[in-house]
Amino acid sequence: MQKTNNREFFNKQQTEMEKVNWKVEGMSCTNCALSIDKLLQQKGMHNVKVNFMGGDVQFELPDNRQTEKPQLEKEIEQMGYHVVNGSRSEQAKPKKFFRNHFRRFLFCFVFTAPLMVHMIPGIHIHALMNPMVQLALTIPVFLMGMDFFGRSAVKSLSKGIPNMNVLIAVGAIASFGYSLYGTLIGRAAEFMFYETTATIITLVFLGNWLEDKSVETTQAALRKLAVTQKTMANMIAYDEHHQEHVFPVESTSLKVGDLLLINSGEHVPMDSKILWGEASVNEAIITGESSPVYKKMNDRLIGGSILESGTVKVYVTATGEDTVMANILKLVKDAQTEKPPVQQLADKISAIFVPAVLSIALVTLLINYFAADHTFSESLLRGIAVLVIACPCAMGLATPAAIAVGLGRAARNGVLFKNARSLEVFRSIRQVVFDKTGTLTTGLFRISASGILQPDITEEEFRAITWSMEKYSNHPIARAIVKEWKSSTEIKWAKIEEVKGLGLKATDKEGNRYVAGSCKAASNLTTEQNHNVYILRNDVLIGWIDVKDDIRPEAKTVISQLNAAGITTILLSGDTREKSEQVARELEIGIVIAEQTPEQKLAKIAELNNQAPTAMVGDGINDAPALAKATVGISLSEASQIAMQSAQVVLMNHGLKNLPLSLGLGKHTYLTIKQNLFWAFAYNIIAIPVAAVGLLSPAFGALVMGLSDVVLAVNSVRLRFKKVI
């Protein structure tokens, strides 16, 4: 009884969770995300997900703690970040002028520039060398730096995850405090580091702004998807006289069931279904295919696509977070928040990086002063250079930047990755397994041949018998026959039933028995076992029908690309061996495994996985277990819902065309991650010792530190244009 009560209490708690989605500005690295993640978890929030690349913060808030949201926003803002869409942001309050790094840089540069004038050859202004003048110019910059870096450093330390701002704040405080001490004791000339203080803060603000702009470019593909979500729509309404009226409304105000008029050249405002009219629709925003798709009555339109020609009346089938576009964006953002295996090492190092650098800076100061016999001023300068040259952001940015670009390019080309792990795992795929029907073929059957074996049966009568039976089946072959052989002469059955694995059995009102079935139904009546449908009357074979399932036009090219890349292609089908081998020969697929049940498919995929990492491409309900079992499961957009849910990757372009692109993106994304990590580690391994021996000034180190992240972002952005297949 107690266990039951506990379970009921737990379930009640689960249902009382409110999902909160915030957009937070100012996160520039993994440590930023870790700081916010730890804060929210310490406050008792559940299922916390923080994506610093897109600024998305998601968590579940217990229903009885609604009053905590403003406090959470306040604490996040005290850490140096800004919640864009929270309750505090909705309050009427003046916006801070110094909200972004570029404005902070401009303010600081006004005061820092005079301190740097003496660096220009031939210019020497004696008044600017006065310590009191330098102090006056440095104080505004120092206060601005401490308002951002100092506040953020203290908050991150209090949460147990020191971020990069700790290094900047310590370096600026050390140089400013040392200079101020010299000024107060009357020996300013020996302790003059005001210029160093102002330059560090100013150039780091510039570097942070460059980082922000670089990270934004990695999100460009996703922003293009998101911008299509808000358009104007032509709503249709009727007055009391049933007169039609059309008026404009914002797409965000639409509801399911609303009637709309969409004209040539306009965006489809929301997912909808055509009630009247026909049109050519450009679905490139979803599928990556620029060729328009013909749409008619009862066809569905995807929100964000464009009517290139034609006019249609539609009703809205989904709005907001339920639309295809919103689900794609959500899946891509969720994939970004997940950490692929390669990022785990970088995260572990980032977590201990700041304490390690602080220790190295202290050791640098002590060794230079006591062992190398340098002055305290020079030793301090080298210690400060170590602090500002180190860049934990680079290691935190290496993986997410590449993942963001890879996922974005994939989404723009109609390849939807449900998690970042799949993108990374693609690099190791050595064999690709294909289902046949609906995957390598279109799944749209048509009658290719038929034969009548009894002289007393006319072709019209044969078609009427076949149509009258097959109309009672939902099998794809039956639907194809019904579509092509529709007859005005219908036989009324006294009884009709579908027998699994055999076909249809029917009895007419005169007592004649009919069968429309597979070769099993006629196994005792003919030696020809290669036809699709056999028609029997009173246990006499009266005819047969063959149907053909056309191979997808892009299938041969895709298979050729995979074979050329050294990837083994395998056909795994439940169809007959003869038909499977025929398709395999036409497409040049090396291995054929035919006549497999869903259970056998699952076992075969498990066996192949043990041999080498395997991708499975399928579309039917019977493929779902195998898709889930494969190293990477790949489904087509027109597949059954259970197949799409079982797969980790969905090809949205109505075919196999972008399968090589998805494999290539996986390989090159991982390559980019390795390049980024190499740069991040190499930069810090080289730069820190160079700064420790006095070969880099703190000012130059501050500039290079910011640029190091830009290098990673630029390398990642190359994925948007790089040839991957």
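Here the residue index of a chain counts from 1 through its sequence in written order. Where local features are concerned, this predicted model is filtered to residues with pLDDT of at least 70; where side-chain atom pairs are given and counted, the filter is 80 or more; whole-chain, interface and lining totals use all residues. Calculation of side-chain values draws on the structure's entire complement of heavy atoms; hydrogens and water are dropped beforehand.

Q: Explain the pairing of strand 16 (residues 503-508) to me, please; I cannot follow it from the model alone.
A: Where a strand is regular, its side chains alternate between the two sheet faces. Relative to strand 16, strand 15 (residues 493-499) is paired through six bridges, and the arrangement is antiparallel. Residue I496 lies in a different strand from strand 16, and its bridge partner there is A506. By definition, two strands form a pair when at least two bridges between them are found by DSSP. Counting from the N terminus, the helices are the DSSP runs of H or I reaching at least four residues and the strands are the DSSP runs of E reaching at least two. Where strand 16 meets strand 17 (residues 513-517), five bridges bridge the pair, whose relative direction is antiparallel. Bridged to T507 within strand 17 is R513.

Q: Looking at this model, I keep getting lost on the packing of aromatic side chains. Mind explaining?
A: The geometry of an aromatic ring pair is captured by the separation of the ring centres together with the interplanar angle, meaning the angle of the planes. Stacked, edge-to-face and tilted are the three classes for Phe, Tyr and Trp ring pairs, Trp counted by its six-membered ring, which pair at centre distances within 6.5 Å; planes under 30 degrees apart are stacked, over 60 edge-to-face, the rest tilted. Per the counting criterion, the structure on display carries 18 aromatic pairs. Pairing F148 with F149 gives two aromatic rings, centres 5.2 Å apart and planes at 80°, and the pair type is edge-to-face. Any residue under 20% of the maximum accessible area for its type is buried, any over 50% is exposed, and the rest in between are partly exposed; the area is computed with a 1.4 Å probe on protein chains only. By relative accessible area, which is 0% here, F149 ends up buried. One aromatic cluster is present, formed by Y178, F193, Y369, F370 and F376 through successive ring pairs. In this analysis the charged atom, NZ for Lys or CZ for Arg, is taken to sit over a ring once it is within 6 Å of the ring centre and within 35 degrees of the ring normal. The ring of W276 has K313 sitting right over it, with the charged end atom 5.4 Å from the ring centre. Against the face of Y670 rests R427, its NZ or CZ located 3.9 Å from the ring centre.

Q: When you look at the sheet that holds strand 4 (residues 82-83) in this model, what are you seeing that I'm missing?
A: Where strands meet in a sheet, backbone hydrogen bonds hold them as pairs that are either parallel or antiparallel. Reading across from one edge, 2-3-1-4 is the order of the four strands in this open sheet, with antiparallel pairing throughout. Here the strands that pair on one side only, and so sit at the sheet edges, are strand 2 (46-51) and strand 4. Strand direction decides the pairing type here: strand 2 and strand 3 (residues 56-62), joined by four bridges, are antiparallel. Residue pairing across strands places K49 opposite Q58, the latter belonging to strand 3. The contact criterion used is simple: two residues touch if any of their non-hydrogen atoms lie within 4.5 Å. For helices, the fitted axis covers only the stretch in contact; all axes are lines through C-alpha atoms, and the angles between them, taken along N-to-C directions, range from 0 to 180 degrees. Set on the sheet, helix 3 (residues 69-78) makes contact with strand 1 (17-25), strand 3 and strand 4; between it and strand 1 the angle comes to about 25°.

Q: What exactly am I supposed to notice about the pattern of salt bridges here?
A: Any two side chains of opposite charge can pair if their charged atoms end up close together. In what follows, salt bridge is the name for a side-chain nitrogen of Lys or Arg lying within 4 Å of a carboxyl oxygen of Asp or Glu. Per the stated rule, a full pass over the model turns up 17 salt bridges. The shortest N-O distance in the salt bridge between D147 and R151 comes to 2.6 Å. Within this pair, D147 and its partner R151 are both found in helix 6 (residues 131-158), separated by four residues, close to a single helical turn. On the accessibility criterion, R151 (41% relative accessible area) is partly exposed. Overlapping salt bridges bring together D456, E461 and R537 as one network.

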